[in-house]
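Summary of the model geometry
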Amino acid sequence: MRALAILHGLIGDTLMRVPALRALRRAHPDARIMALADPVTAPALAVNPLFDEVLVWDRQNRGVGYQASRIKAIRNFRPDVALDFYFGSRTPWVAWLSGARRRIGPARSGTARRLLTDALTYPFPADEHMLDRFGALVRPLGAGDLRREWEFPIHQNVRMRMRKAVGEVTDRDVVFVVGAGDVSKRLADERMQEFLRRMAGERGSRVLLVQDQREPDLGAALAQIEGVESLPRLPLPELGALFGEAGLVVVPDTGPLHVALGSAGRVLTWYQSTDPVVHAADRVGHRSLYREVCEWQPCDTQEKHRCQLECTRSIEVPELVDAALELLAGPSWVPPDLPARDPLTVL
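The rules behind the values
Residues numbered from 1 in each chain as written. Predicted model: local features only at pLDDT ≥ 70, side-chain atom pairs only at ≥ 80, totals over all residues. Heavy atoms only, no water. Patch = residues over 30% accessible without salt bridge, like charges linked within 9 Å, V, L, I, M, F, W, Y side chains within 5 Å. Areas by Shrake-Rupley, 256 points an atom, 1.4 Å probe, with all protein chains shown as cover. Salt bridge = Lys/Arg side-chain N within 4 Å of Asp/Glu carboxyl O. Helix = DSSP H or I, 4+ residues; strand = E, 2+ residues; numbered from the N terminus. Buried < 20%, exposed > 50% of the residue type's maximum accessible area, 1.4 Å probe, protein only. Pairing = 2+ DSSP bridges. Axes fitted to C-alpha atoms, helices over the stretch in contact; angles between N-to-C directions. Left-handed = near helix turned anticlockwise from the far one by under 90°. Contact = heavy atoms within 4.5 Å. Nonpolar A, V, L, I, M, F, W, Y, C, P; charged D, E, K, R; others polar. Polar contact = N/O pair within 3.5 Å; in protein donor to acceptor, adjacent residues only side chain to side chain. Phe/Tyr/Trp six-rings, centres within 6.5 Å; stacked < 30°, edge-to-face > 60°. Right-handed = clockwise from strand over helix to strand, strands pointing away. Core = buried A, V, L, I, M, F, W, Y, C linked by side-chain atoms within 4.5 Å.

What to know about a nonpolar patch on the surface
- On the surface, a cluster of nonpolar side chains totalling about 310 Å² of accessible area is made up of Trp93, Trp96 and Leu97.
- Along the polypeptide, Trp93 turns up in helix α5 (residues 91-97).
- For Trp93, a relative accessible area of 40% corresponds to the partly exposed category.

With respect to the sheet that holds strand β11 (residues 267-271)
- The strand order across the open sheet built from 6 strands is β9-β8-β7-β10-β11-β12, with neighbouring strands paired in parallel fashion. Each edge of the open sheet is held by one strand with a lone partner, namely β9 (228-230) and β12 (286-290). Strand-to-strand twist of the sheet, defined as the mean angle between neighbouring strand axes without regard to direction, takes the value 20°.
- Relative to strand β10 (residues 248-250), strand β7 (residues 174-177) runs parallel, the two being bridged by 3 bridges. Directly across from Phe176, in β10, lies its bridge partner Val250.

Details of the packing of helix α2 (residues 18-27) against helix α7 (residues 130-138)
- Running from amino to carboxyl end, α2 crosses α7 at an angle of 35°, the nearest separation of the two axes being 8 Å. Along this stretch, α2 crosses α7, giving a crossing that reads as right-handed. Here Pro19, Ala20 and Leu24 of α2 lie close against α7, whose contacting residues are Leu131, Phe134, Gly135 and Val138.
- In the contact of α2 with α7, the residues fall into 6 nonpolar, 1 polar and no charged.

Considering the sheet that holds strand β1 (residues 2-6)
- The parallel open sheet is built from 6 strands, whose spatial order is β3-β2-β1-β4-β5-β6. Of all strands in the sheet, those bounded by a partner on one side alone are β3 (53-56) and β6 (118-120). Adjacent strand axes in the sheet meet at a mean angle of 15° when their direction is disregarded.
- Sheet topology note: the strand β2 (residues 32-37)/β3 ladder contains 4 bridges and is parallel. If you follow Met34 over to β3, its bridge partner there is Glu53.

Here's the deal with unusual backbone geometry
- Omega for the peptide link from Tyr122 to Pro123 comes to 5°, which places this bond in the cis form.
- Mapping Pro123 onto the fold places it in the loop between β6 and α7.
- The backbone of Arg78 shows a phi angle near 60°, a positive value even though the residue is not glycine.
- Following the sequence through the fold, Arg78 ends up in the loop between α4 (64-77) and β4 (81-84).
- Classification of Arg78 by relative accessible area gives exposed; the value is 55%.

So, the side chain of Asp118
- With respect to the secondary-structure elements, Asp118 resides in strand β6.
- Not counting residues up to four positions away in its chain, the partners in contact with Asp118 are Arg102, Arg103, Ile104, Gly105 and Pro140.

Topic: the side chain of Glu245
- If you trace the backbone, Glu245 turns up in helix α11 (residues 236-245).
- One polar contact links Glu245 to Arg163, side chain to side chain, over a distance of 2.7 Å.
- Apart from the residues within four sequence positions on either side, Glu245 is in contact with Arg159, Met162, Arg163, Val169, Thr170 and Asp171.

Some points on the environment of Leu289
- Turning to its location among the elements, Leu289 is positioned in strand β12.
- Its relative accessible area of 3% is what places Leu289 among the buried residues.
- Measuring from C-alpha to C-alpha, the distance between Leu289 and Ile315 comes to 7.7 Å, with 26 residues separating the pair along the chain.
- Look past the residues within four positions of Leu289 in its chain and what remains in contact with it is Thr269, Trp270, Tyr271, Ile315, Glu319 and Leu320.

What to know about the packing of aromatic side chains
- In this structure the tally under the stated criterion is 7 aromatic pairs.
- For the ring pair Phe87 and Phe134, a centre distance of 5.7 Å and an interplane angle of 45° mean the geometry is tilted. With Phe87 in the loop between β4 and α5 and Phe134 in helix α7, this residue pair connects regions lying 47 residues apart in the sequence.
- On the basis of relative accessible area, Phe87 is assigned to the buried category, the value being 11%.
- Look at Phe134 and you get buried, because its relative accessible area is 1%.

Quick look at the pairing of strand β5 (residues 102-106)
- Among the 5 residues of β5, 4 are classified as buried, and the element is accordingly described as predominantly covered.
- Relative to β5, β4 is paired through 3 bridges, and the arrangement is parallel. Residue Ala82 lies in a different strand from β5, and its bridge partner there is Arg103.
- With α5 bridging β4 and the parallel β5, this β-α-β connection has right-handed handedness.

Some thoughts on the nonpolar core
- In this structure, Leu21, Leu83, Phe85, Leu242 and Phe243 are the most contacted members of the largest nonpolar core, which totals 68 residues.
- No other element matches the 6 residues that α7 contributes to this core.
- Setting aside residues no more than four positions away along its own chain, Leu21 makes contact with Ala5, Leu7, Ile33, Leu50, Phe51, Leu83 and Phe85.
- In terms of nonpolar packing, the next biggest core, distinct from the first, is built from 28 residues, Phe195, Leu196, Val250 and Val321 among them.

If you want it as structure tokens, here you go:
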């Protein structure tokens, strides 16, 4: 079997598709899998030998010649099956143009029903886990052994580049990810400051700060706290290497969370605008905090200007500190022993 996996999208969604494709690999050990990915997320897939090929398709490039070159590369791969994991309006066309005789994806429109040979019922149940939604694409191919965790293998070259950029990292260190510019997915500034002071002061941890590059002033203010060090911006593979060597990663529900869940031994997160019932991983060394406290649940992005972020404000710093200390005292998740690749040699 030769499978084309259409994996456009943000890094979190992209990595959450890995369990479905890992199940496909278990069902068909000799399958060859090509991942079609965006430029930003392609390196996060290139580290994983699950994929035999990773093809970058920059959707911002609307040039006819460029798009034709992508289709040609896909057709040269000669896929038997195309899997539309993106659930987009245009990706059924990519599946159809791939030349695959079998094309599986959600029937989001009449056009999708005509272009796909296996058009899945859409929309999916609101309470169905995202991993199960992605798993629905590979079940028609006999892949039913779906596990709610994913891997982010770290090649030695990637680890060396990370150490060159940030220095040595030990299991006494805590990595704190500030989060996205979207305030619905991060702690209030004063709570971040209090949490960092307590982790650095009471536990004596060195706190390594991964900040949002769009908010340098906030990152600079947090880095003034004693025991907190601001890190340079790292590519996704090197970020995974950083997470894998730290004792704990504290991260909101943004893309880096999903990198951490595939590489870090212990992960603490909190959910606001997404529901952990639908999005959370199920693995050792992972704790998530969640509050369903306002009328906008699940969170409606169109109504955020009317939201007072009660969900975020209801998570108190002592609760975060206690959860962090419990994780540090408990068992650590051990990533599967899989070979890794250096993305610089693949892309």
